[in-house]
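Observations on the model geometry
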Amino acid sequence: MKNYLLIVAFVFAFAACNKNDAPKPESGNIVGTWELRLFTTGWTMPKNYDAGNGNKYTFKADGSYTKYTQNKIEIQGKYTLTPTGEDNGTKFGKIKLTNPDYEDVYSIRTDTFTVGTSVADGPSWQYIRIK
């Protein structure tokens, strides 16, 4: 009986292993590379951006960021996040960037990062995680 249970346990353990199970980013974690996909404002029509457009941010765990425009480095600096809440898996708060100094609201979910808000006609930029 013990051998039977050992075999069953081994089969379940082997079946649970999957080499395609890459670690998934934690929801609300900004570390990674994000590419611009949508710009909105209350004054104009939304502008969509195709995948591979090269307009992106890379945020590192050490608090540094790099902004790319058409795959060329435009700005590098530091960032800080000040979380203010969470709703149904989406975290939100304030983001502060240096070089130049810029502060705005953000929301982040595993694969979508939005800076700004189009409430009261303000601009917002939506990025999709690419790495």
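Residues numbered from 1 in each chain as written. Predicted model: local features only at pLDDT ≥ 70, side-chain atom pairs only at ≥ 80, totals over all residues. Heavy atoms only, no water.

1. Notes on the overall build of the protein
Along the backbone of the protein there are one helix and nine strands. Contacts in the protein between residues far apart in sequence, at least 24 positions, make up 37% of those at least 6 positions apart. With an accessible surface of roughly 9200 Å², the protein has 57% of that area assigned to carbon and sulfur atoms. (Helix = DSSP H or I, 4+ residues; strand = E, 2+ residues; numbered from the N terminus. Contact = heavy atoms within 4.5 Å. Areas by Shrake-Rupley, 256 points an atom, 1.4 Å probe, with all protein chains shown as cover.)

2. Some words on the packing of aromatic side chains
Tallied over the entire structure, the rule returns nine aromatic pairs. Taking 5.4 Å as the distance between ring centres and 45° as the angle between the ring planes, the aromatic pair formed by Phe39 and Trp125 counts as tilted. You can see Phe39 sitting in strand β1 (residues 32–41) and its partner Trp125 sitting in strand β9 (residues 124–129), a full 86 residues away along the chain. With a centroid separation of 6.2 Å and an interplanar angle of 35°, the aromatic rings of Phe59 and Tyr65 are classed as tilted. Just as Phe59 is buried, Tyr65 falls in that class too. Every member of this aromatic cluster is reached through a ring pair, and the members are Trp34, Tyr57, Phe59, Tyr65, Tyr79, Phe113 and Tyr127. Directly above the ring of Tyr68 sits Lys56, whose terminal nitrogen or CZ lies 5.3 Å from the centroid. (Phe/Tyr/Trp six-rings, centres within 6.5 Å; stacked < 30°, edge-to-face > 60°. Buried < 20%, exposed > 50% of the residue type's maximum accessible area, 1.4 Å probe, protein only. Lys NZ or Arg CZ within 6 Å of the ring centre and 35° of its normal.)

3. Some remarks on the pattern of salt bridges
Within the structure shown, the criterion is met by one salt bridge. One salt bridge connects Glu35 with Arg37, and the closest N-O pair in it is separated by 2.9 Å. (Salt bridge = Lys/Arg side-chain N within 4 Å of Asp/Glu carboxyl O.)

4. Structural notes on the nonpolar core
The biggest cluster of nonpolar side chains holds 15 residues, and the ones touching the most others in it are Ile30, Trp34, Phe59, Tyr65, Ile95, Leu97 and Phe113. Mapped by element, the contributors of at least two residues to this core are β1, β3 (56–59), β5 (72–87), β6 (90–97), β7 (102–109) and β8 (112–116). Residues contacting Leu97, with those up to four places away along its chain left out, are Tyr57, Phe59, Tyr65, Lys78, Tyr79 and Tyr102. (Core = buried A, V, L, I, M, F, W, Y, C linked by side-chain atoms within 4.5 Å.)

5. Section: unusual backbone geometry
Cis rather than trans, the peptide bond between Asn99 and Pro100 has omega equal to -10°. Relative to the assigned elements, Pro100 resides in the loop between β6 and β7. If you check the backbone angles, Gln70 has positive phi at about 50° while not being a glycine. Among the structural elements, Gln70 can be located in the loop between β4 (64–69) and β5. We classify Gln70 as exposed; its relative accessible area is 57%.

6. Remarks on the pairing of β1
Counting buried positions along β1 gives seven out of ten residues, so the element sits mostly inside the fold. Sheet topology places β1 next to β3; four bridges connect them, and they run antiparallel. Bridge pairing in β3 places Trp34 opposite Tyr57. As paired strands, β1 and β9 are joined by six bridges and run antiparallel to one another. Across the sheet, the residue bridging to Thr40 is Ser124, located in β9. Bridge count between β1 and strand β2 (residues 44–48): three bridges; the pairing is antiparallel. Within β2, the position partnered with Phe39 by the bridge is Lys47. Counting the residues in the hairpin turn of β1 and β2 gives two residues. (Pairing = 2+ DSSP bridges.)

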